[in-house]
Structure formats: C-alpha cells, structure tokens
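As a plain string of letters, each chain reads:
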Amino acid sequence: MIRTGFAAALLAALLFIGLRPVGPLPPLGPLLDPANGAWATARSANLPASQRVVIPQVTKPVEVLFDDRGVPHIFAATEEDAYRALGYVMARDRLFQMELQTMATAGRLTEWLGARALDADRESRAEGLIWGAERKLAVYDRKSLGYRAIAAYADGVNAWISSMRTRDLPIEYRLLNVRPNVWEPIHSFFFLGRMAHTLALNDASLKHLAAQAKVGKAAADAIFPVNSPIQDPVQPNGLSVPRYAFTPIPGPGKPDSDALLALEVRRSTARAFAFGDRSDDGDAVGSNNWAVAPKRSATGHALLAGDPHLDLTLPSVWYEMHIVVPGRLDVAGVGFPGVPGVIIGFNRDVAWTFTNTSSDVNDFYVETVDDESHPSSYRLDGRWRPLEKRVETYRGKSGEVLRTDTVYYTHRGPMSRKMGKWMSMRWTVLEPSREQDNFLRLGYTHSAREWLDAMRDFVGPTQNGLVADRAGNIAIRSTGAYPIRPGDGRGDVIRDGSVSANDWTGMLPIDRYPFAMNPSQGFLASANQQPVDPRDNSAYLGSDWYSPWRAMRINSLLRADSAMTSAKMQRMQTDPGSARADAFVPEFLAAAERVKKAGRSDAALDRAAAILGAWDRRYTKDNHRAVLFELAMDELNASTWDELESDAKPQRESRPTPQAPETQILLSLMRDSTNAWWDDHRTANRETRDDIMAGSLRKALASAERMHGKPDGDGWKWSNVRHANIYHLLRLPAFSRLKLPVQSGPSTLSPSGVRGTQGASWRMVVELGPQVRAWGTYPGGQSGNPSSARYADRLPKWLNGHLDPILFPQKPSELNPKRVISVLTIVPR
C-alpha cells in the first residue's frame, strides 16, 4: 500500500520538475503505473526480511545482516567478497547518488539533463578530474588492496544494476527518464576527485588581490595575513591559553592597478577551474575532532570524537557499514557512496577521524604557447614542448553531440585561456597517488603508530588525521602533500610558466608536518585552524586561515575537565557556546559605555546594549538575543571594511562585505581605536572604533525589530531565525527537509551559516576500552529512496545532538536477533 505522504511528495516533485524542467518528462502513464512506475518505489522501499542473491564473482557465501538502524554488517571470507557485498547493498540503497556524483565529476550531466548542463560539464572537464583519475588508476598495481577492493566493489554494484526489476529503479531516474550506466572501477576515483574538489581546491589569493587592488599591498598583507593573529594550533605550542600575536594594521592605502589586472586574470581563471571565494556560510564548511588521553578520562580509557562538516544533503554524503573478514578485518564506521570501505571509523584497537586543513596545494602559471588560438606547444626553458590534448565531446540525452572542446595539459596540469592569457594549474589532487590504499589500510592497523605509518604517503586532500588506540595513545598529524615552491615559498602568486625554476621543487618532508603524540596537556584537537604556530614551524602551508574560534572553544572545554566521558564529548558536539561571541560582546558593551560616558548615547543605543548584555552568549534554540549579536556583527563588518566593497555590486544591508577579512583580524583592529579602517568612507564624518561599534549596535536593533518584531517575541527566537536546510540531490523540495531548528550558530562547535546547507555530516564518539564502544549519527538515513522509512529516520536525533550506540558484533550470532531487520545471503553462481 502506498503511503499518503509519499504520494503527496511525488506529486509535488512532479509539479516542481514541471515548473523547472530538468529535461523531457517521460509519459505520465508509465510513470504513474502502480506496478512498475514511480509509485512502485514505495513498494520496494523496505528491505526484505530475508533474501538470497547470486553474484558470480563471489568465491564463498557472504552473510549481510541489517540492523534496525539500516546498517549492513557484512561477514565474508575474503576482502574482495566483502567489497562485492558492499557494492551490492550500497547500490541498492544509494545508486542514484553514486552515479550522479560520477556523472558530475566526469562532465557527463548533459547526457541526463541536456544542454542546460553544458557549462557545468565544461568546467568539470577543464578542471582535469578525469585526467587526474586516469593518472591515479594507471599507477595502481592490479594486485594491490586498493585496486582489488575497487574492482570487487564494481562487481557488486553491477550485480545490483543487472538484477534490478523495473520497480526497483530509483525515482530520480524515472523523473529524468534515464537508466543507470555500468559501474567502472574508475568511477570510484571520480568520486574521490569530487571530494577533493570540495576540500582541497582553493585560491587564497583572490581576496588578497582584491584587497590589494583597492587599498594597496601593505594593507592587504595585514588583513589577509599568512599567519593567524590568534594562535591555538593543531600541534600544541606549549601554552595553556591562546597566543595573541596582534600587530599594527596599516590603514587603507592607494589602489594597486597591477593587482587589479592580476585579480581579473585570477578571477577568470578561478571560474574556468570552477572554484572561488568562501561562501556566506563561512566556517560552517569545516570540521572538528579531538581526543583525550586516559589520564584525563573518567574511565581511564582514551576517547575520540569527530564531526566532519560538509554539504548537508539527502541522501547523506556518508553511508554507515561494518565489515568483518575473520582473522583479517573487523572495521566499522562511514564511507562515501561510490567508494569501497570505511573512511572514518574504528576497529577493535584504534579509532580515527579527519578535519580539513584548508591548505594551499594548487598553483597557477602563465604559459607561453606557439599559437594563441590553437596551441600545440608551450615554451619551457627556451624549448618548445608538445601539449597533451584531449578532445572532449559532450552528448545529449539521445546521444547527439552538443559540443566538442579541446582541453590542453602541460606537465603541470590542465591549461585554460582567460583574459588573453593561457594559464596552467598544478594541484596535488591531480598527482598520481593511492589514497584508496591509504584509507583501506587504516582498518588493518592495531596502534596509533601503525595508523600513522599507513598515512605516511597520503597525498590529498591534506587532512588533520586524529587517532587513538586501546593502549591509551593519542596522536594527530596534518597529513598530505605540501608543495615546496621556489623563492619565498608562497603559493598565492602567479608564476611564469616558461621557466622550470618556477616549478615545485618537491614536497615538504613528513618530519616537518604539524604533528603531536601523547602531549603533556593530555588532549589534542583540530577545527580547521592554522595547524602549527609559526614560531615552532615556519613552513608555508597556506594563508588566510579560518579564525580559530571553534578550536579555542574545544580546547577551553577540554582544559577545564580532567574527567571527560563519552557522554560529555557527545554533548560537546552541539555545544552552544562561542569563543567569537565571548570576544566581541564585551567589545560592543564597552564601546557603548564609553559613548555613553562621553555624552553621545541615546535611548536606542542604551536599549540595544542592555539587550545584548543580557545574553549568555549561547546559541540555544530558545534564546532571544543571538539574532541581535549576529546583525551587529554584520553591520560591524560592513562599516569597517567598506573600502573593500565591490564597485560592481550594490551595497547589501546588514551583511558583511564579500571580501571581509576573518573576524580575528577585526578583533586585532580593536586595539587601535583611531585606525583609519574605522572611518566609514560612505559618510561625511570621521568615525572612530567606538562610533562604528555603537552605530552597528543601533542599526542591528533597528533591523532586528523591523525583521523580527519585538525582542521578547517569537520572531527573535533563534530556532525561528537560523535553520538547517537539507536538500535532496536534485533540490526537489518534496524530497528535502527544510527550515529545521538546530542548536548552532556561527563559529560554534556545530556551526551554521546563513543558508543552512552545511554542517556536521557525521558525528562519532569512540571509547577505546577493553571492549571498544562507539556512538554515531548523521543527518539523513541509509536509504536514498524518499519513500523508505530509512530515508531520513536519523534526522530527529541529529537535530537534538543525540548519537546512537553503534552495534559492533564480531560474528553474526552476536547480533541480537531482535535488532536484525533483514538478512541477505550472497552466493557464487
């Protein structure tokens, strides 16, 4: 029987697609056929109580038990059989998600969506992800663990595709009127490339160049510095409090016309390679992790917590699993749909997780070519070298050719012509490497040191890898490949590609990576802050780092508690406190008081200060004051950095300027009350710090009352202002979950941005006692079928910060039969 909710959702989805066509709709008669049409997806939404299937390549029977959280526990005789089973069950749950990501990375969306996807496909192919995936595949030994796993996984995916009944076809394929393609091993490399695009493709120089073009190099260097002025690094620096390295900030200088030209080239190149500035959601695209040594744990066991922050989607970016190969492997956690194995998780001896380092690992070069329109060679050290050419063909839904492009490659990487210049990009993610081997090897490790060894040759994206083991060891290392550049080593410049002396000279040796193991403080933490204090390690890893507010909050909570528990760590993941609010609220209140003592206050300022002063600086769902603070911060940013406002865009009310520096720079500026940056050049008056802060507070109150009503009304309630918005992959509202109230705020441990589309994609806590215990959840469910009970069943707990105990049986008989909802037996032919 079809559930009413699903029927309504399907009709809404059809209406949505009709209003915003993504391609020709199939005839409605077959689509609505209750036996095999879209309605049939409801009939196949639930797992069968028991099922026996044949996968020809399987060598011995595999038993898969699904627990009541929808997690498959795979018991196999060999690793290859385990990954064949994983491919089968993951495709059964997430096939459309897997293939959509593959099609997007490969630049083949036109085959589903027609010409409307042509620009996106051209960007993807220009970026070189297919080229990079082919290079990685070429270096794999076909007998290696990574390749064997990927090949076996493809066997399983294709076994599901070939066995699908018409009614098993996911609804998204029906709505787009397309069929699944055969899954190839290289598709897993495509997905890893797509994830690297999210985590490792950045251009820190965009904001710096934009500022330099407006206010000169000295000012730009100060407000977009290489090193954070607040140091609470990943590698402990021996201090028990953050180190404030504030230095004088020069006022705005004369515009730099040369920087303006470089900026236009850089922006154009950035668009060609499909990346740009950070979004309005700021550090909501971030992550946290921390570990506590036994001496600071109430149980005397090491504890580890991790919550990577990524796009929030339905289905989720993660898929939870447990894989057992007796005597070889026993690992649980989450992995990416489209890639075999656990990426973040634990086994019987170790637990691990990652945060992104946001390091600078891609560079640009101006190339000299033999023909500006149709080059065949590029010049290097006085000689012409042939360009590698790839003819890219884009096809429509019926196979017709929509367009062809020629993409050129130098020895550095893909090359694109913009603003009259040919630019090539070198990027660590496109280098030949074996990340799949690295990730799979983690499940076999038995100590923190073995785990670190397994990640020694990891290339990208650079990650802060945190590990803890049952012996009580905790360790963290900012792992990955960090390019060594010539000259000053900076990566935020455009170099002349005609000389090889400008190429990377190698990679940073691992002994210079940010690293710590069993520090005297008894804990470790990372939250996308600068990995190492430059006083301890001068190696260039990047610039314009996120403000370390989340790291400061984590470290303060851990320093204050010498008897940490798993329950406390779970609560920390949605802790509503904010180091950012703790830093700026007193500054606002002090400025208001100084203005009042000077006789320049008014009723509006006094009232705004009183309201803000009553806030406990916690972003709880029911608080009525965070909205005032956030609007005041927006006004403060806009008024302070008005010199950076783009001439091409109209001024936005109550929002930070697009090129606003990190808020740690703003805090540094507080020490200089008459700095020229405080003068809002859009007004006739010459303002000081206190004028700007008092004015920001006044404007914030007026804006808050205009938008949300009276301060104690429901309009000011934080849960009515800030939401999580979790969209379906096709952004179909009926299959999305929108305007969800969350306990989070900017720069809290569960950060949220204006759009609410990023956040904690997986939360995990592990206690490494004699018997490993773990808890976890993510925002969604195991199934990608919108009509399934497992589609979004984890959302309520995720919204409230609750984690489920993770079942971890060593053999099938250890799993409580009452917790088993389905048994799948996979046998050879």
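Refer to the structure above for everything that follows.
Caption draft 1: Region of the structure containing the overall build of the protein chain. Each helix and strand in the protein chain was counted, giving 23 helices and 33 strands. Taken across its 829 residues, the protein chain has 62% of its residues classed as buried. Total accessible area on the protein chain is roughly 30,300 Å²; 51% of this is exposed by carbon and sulfur atoms.

Caption draft 2: Representation of the packing of helix H18 (residues 579-597) against helix H19 (residues 603-613). Relative to each other, H18 and H19 sit at 150 degrees, their axes nearing to 10 Å. In terms of axis orientation, H18 runs roughly antiparallel to H19. The way H18 lies across H19 gives a crossing that is left-handed. Residues Val-585, Phe-588, Leu-589, Ala-592, Val-595 and Lys-596 of H18 pack against Leu-605, Asp-606, Ala-609, Leu-612 and Gly-613 of H19. For the contact of H18 with H19, a count of residues per class yields eight nonpolar, one polar and two charged.

Caption draft 3: The packing of aromatic side chains, seen in detail. All told, the structure shown has 23 aromatic pairs when counted by the stated rule. Residues Trp-318 and Phe-336 carry aromatic rings whose centres are separated by 4.3 Å and whose planes lie at 20 degrees to one another, so their mutual orientation is stacked. Residue Trp-318 is located in the loop between strand E8 (313-314) and strand E9 (319-325), and its partner Phe-336 is located in the loop between strand E10 (329-335) and strand E11 (344-346); the two are separated by 18 residues in the primary sequence. Residue Phe-336 is classed as buried on the basis of its relative accessible area of 6%. Aromatic side chains Phe-346 and Phe-808 sit 4.9 Å apart centroid to centroid with 70 degrees between the ring planes, which places their arrangement in the edge-to-face category. Here Phe-346, found in strand E11, pairs with Phe-808, found in the loop between strand E32 (804-805) and strand E33 (820-827); they are 462 residues apart in sequence, far enough to count as distant. Phe-808 matches Phe-346 in its accessibility class, with the two residues each being buried. Grouping aromatic residues by their ring pairs yields a cluster made of Phe-588, Trp-615, Tyr-619, Phe-629 and Trp-718. The cationic tip of Arg-348 hangs over the ring face of Phe-808; the distance from NZ or CZ to the ring centre is 3.5 Å. A cation over an aromatic ring shows up here: Arg-412 above the ring of Tyr-365, its NZ or CZ 4.4 Å from the ring centre.

Caption draft 4: Quick peek at the pairing of E10. Of all the seven residues making up E10, seven are buried; the element is thus mostly covered by neighbouring parts of the structure. With seven bridges connecting them, E9 and E10 associate as antiparallel partners. If you follow Val-324 over to E10, its bridge partner there is Asp-330. Hairpin connection between E9 and E10: a loop of three residues separates the two successive antiparallel strands, and Gly-327 in this loop has a positive phi of roughly 80 degrees. Relative to E11, E10 runs antiparallel, the two sharing three bridges. Counted as the bridge partner of Gly-333 is Gly-345 from E11.

Caption draft 5: Spatial organisation of the sheet that holds strand E18 (residues 414-418). Strand order in the open sheet formed by six strands is E16-E17-E18-E19-E13-E23, and the pairing between neighbours is mixed. Two strands in the sheet have a free side with no partner beyond their single neighbour: strand E16 (388-395) and strand E23 (494-496). Direction aside, the axes of adjacent strands within the sheet are offset by 40 degrees on average. Bridge count between strand E13 (residues 362-367) and E23: three bridges; the pairing is parallel. Paired with Tyr-365 across the bridge in E23 is Arg-495. Contacts from helix H7 (residues 129-139) reach E16, strand E17 (401-409), E18 and strand E19 (421-427) within the one sheet, and its direction differs from that of E16 by about 120 degrees.

Caption draft 6: The packing of helix H20 (residues 626-640) against helix H22 (residues 689-708), seen in detail. Across the interface, H20 lies against H22 with an axial gap of 8 Å and an inter-helix angle of 130 degrees. What the angle tells us is that H20 and H22 run oblique. Seen along the crossing, H20 lies across H22 with a hand that is right-handed. Where H20 approaches H22, its residues Val-627, Leu-628, Leu-631, Ala-632, Glu-635, Leu-636, Ser-639 and Thr-640 are matched on the opposing element by Ile-692, Met-693, Ser-696, Leu-697, Lys-699, Ala-700, Leu-701, Ser-703, Ala-704, Met-707 and His-708. Counted by class, the contact of H20 with H22 contains 12 nonpolar, five polar and two charged residues.

How each quantity is defined
- Residues numbered from 1 in each chain as written.
- Predicted model: local features only at pLDDT ≥ 70, side-chain atom pairs only at ≥ 80, totals over all residues.
- Heavy atoms only, no water.
- Helix = DSSP H or I, 4+ residues; strand = E, 2+ residues; numbered from the N terminus.
- Buried < 20%, exposed > 50% of the residue type's maximum accessible area, 1.4 Å probe, protein only.
- Areas by Shrake-Rupley, 256 points an atom, 1.4 Å probe, with all protein chains shown as cover.
- Axes fitted to C-alpha atoms, helices over the stretch in contact; angles between N-to-C directions.
- Parallel < 35°, antiparallel > 145°, perpendicular 65-115°, else oblique.
- Left-handed = near helix turned anticlockwise from the far one by under 90°.
- Contact = heavy atoms within 4.5 Å.
- Nonpolar A, V, L, I, M, F, W, Y, C, P; charged D, E, K, R; others polar.
- Phe/Tyr/Trp six-rings, centres within 6.5 Å; stacked < 30°, edge-to-face > 60°.
- Lys NZ or Arg CZ within 6 Å of the ring centre and 35° of its normal.
- Pairing = 2+ DSSP bridges.

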